[in-house]
Amino acid sequence: MNKITRVGADLAKHVIQVHAVDAAGQRITSRALVPGKFMAWCAQLPPGCLVAMEASSSAHHWARRLIALGLDARIIAAHLVAPYRLQGKSGKNDANDAAAICEAASRPQMHFVPVKSVEQQSMLCIHRLREGFKEERTACINRIRGLLAEFGLVFPQQPAALRLALPDVMEDASNELGAQARLALQRALMQWQELDGHLAWCDERIAAHLKDSAQVRQAGQLLGVGPVTASAVVASVGDFKQFRNGAQFGAWLGLVPRQNSSGGKNHLGAITKRGDMYLRMLLIQGAKSAVMTAHRRDDPISMWAYQLRERSGWQTSLSGVHRFPCKT
């Protein structure tokens, strides 16, 4: 075990495949371990030994435990590991994946995923739960509209208008709603109200995060960034010093264009959409809000965004707003 300098671990629910090599890159061992024995095996590794894992649902948990043992735990995005699997797509299995992780971790230019703290992951649980409740509420509202449309009852698109009219519709005896349909709509309305309560609870937790964290408050002062976006960005990124500049942060989020360039000719396409889809959605919504309301403000960024919007349209100006922080 003292000869091992680098380990690749392929994580799974019931088995963890490890691939260990020495300083020369020669394989020392390749074996499968149950999760209960994985930590005991890692405890025998020399201090500071590099243990690399693919990003997965439990990667941050294992990384924190390994760091507590004095090991150098690293997490690598799955798409960066695949090119180092010598057997290609047709040779994917746990042993080959562990070997590919071990090899990828040895590259000097490899990009690693920062290990999230318990507090970061706990806050992200609130955001994931909130997004789920939002989707369920939208589905509930659409379900109510569909049921009402079956009886010729159509209302404006705003949820507030539907909520205001729904009690009167259920009490109105002149419409075609049957007794069972009224009971079904009453049950659906109760679900809608319950989901609103769940969303309010999530918003309270996010507001508390804003109050307790100076970093979140600082992020919330940016144009187009509200409490939800500020909380999500801080919980997801943690240490912003890992990025050299705003352009690197934009690339990490997938806001840079795809490239298909060769022979000195540059061909740029749509954004890559790599990285965290939730963060990208929040920031794009914030940028759109900043562009659409730029005419109400007189600060330099808003004036530039307004002029760009008038000259090129709001969609082009939205792309410009994405790139603007990278230039400052």
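Report follows, based on the coordinates. (Residues numbered from 1 in each chain as written. Predicted model: local features only at pLDDT ≥ 70, side-chain atom pairs only at ≥ 80, totals over all residues. Heavy atoms only, no water.)

Looking at the nonpolar core
Phase 1 of the analysis: Within the largest apolar cluster, 35 residues are counted, with the highest numbers of intra-cluster contacts made by Ile-144, Leu-148 and Trp-192.
Phase 2 of the analysis: Among the secondary structure elements, those contributing two or more residues to this core are helix 5 (118-149), helix 6 (159-171), helix 7 (179-212), helix 9 (227-237), helix 10 (246-253) and helix 11 (277-292).
Phase 3 of the analysis: Top element by residues in this core is helix 7. It accounts for nine residues.
Phase 4 of the analysis: Dropping the residues within four chain positions of it, Ile-144 is found in contact with Leu-162, Leu-166, Leu-185, Ala-188, Leu-189 and Trp-192.
Phase 5 of the analysis: Counting residues in each nonpolar core, the second largest holds 23 residues, with Ile-4, Val-7, Ala-73 and Ile-75 among its members. (Core = buried A, V, L, I, M, F, W, Y, C linked by side-chain atoms within 4.5 Å. Buried < 20%, exposed > 50% of the residue type's maximum accessible area, 1.4 Å probe, protein only. Helix = DSSP H or I, 4+ residues; strand = E, 2+ residues; numbered from the N terminus. Contact = heavy atoms within 4.5 Å.)

Remarks on the packing of helix 9 against helix 11
To characterise two packed helices, one gives the angle between the axes of the helices and the distance between these axes.
Phase 1 of the analysis: Where helix 9 contacts helix 11, the axes come no closer than 10 Å and their chain directions differ by 145°. For the pair helix 9 and helix 11, the sense of crossing is left-handed. On helix 11, the residues that touch Val-228, Thr-229, Ala-232, Val-233 and Ser-236 of helix 9 are Tyr-278, Leu-279, Leu-282 and Leu-283. (Axes fitted to C-alpha atoms, helices over the stretch in contact; angles between N-to-C directions. Left-handed = near helix turned anticlockwise from the far one by under 90°.)

Considerations on the pairing of strand 2 (residues 16-21)
Phase 1 of the analysis: The element strand 2 is extensively covered by neighbouring structure, given that six of its six residues are classed as buried.
Phase 2 of the analysis: Here strand 2 shows no split at all, with Ile-16, Val-18 and Ala-20 on one side and Gln-17, His-19 and Val-21 on the other all buried.
Phase 3 of the analysis: One ladder, built from five bridges, connects strand 1 (residues 6-10) with strand 2; its direction is antiparallel. Bridge pairing links Arg-6 to Val-21 in strand 2.
Phase 4 of the analysis: Count of turn residues in the strand 1/strand 2 antiparallel hairpin: five residues.
Phase 5 of the analysis: By the bridge criterion, six bridges tie strand 2 to strand 3 (residues 27-33) in an arrangement that is antiparallel. Paired with Val-21 across the strands is Arg-27, a residue of strand 3.
Phase 6 of the analysis: A loop of five residues connects strand 2 with strand 3, the two strands running antiparallel in sequence, and Gly-25 in this loop sits at a positive phi of about 85°. (Pairing = 2+ DSSP bridges.)

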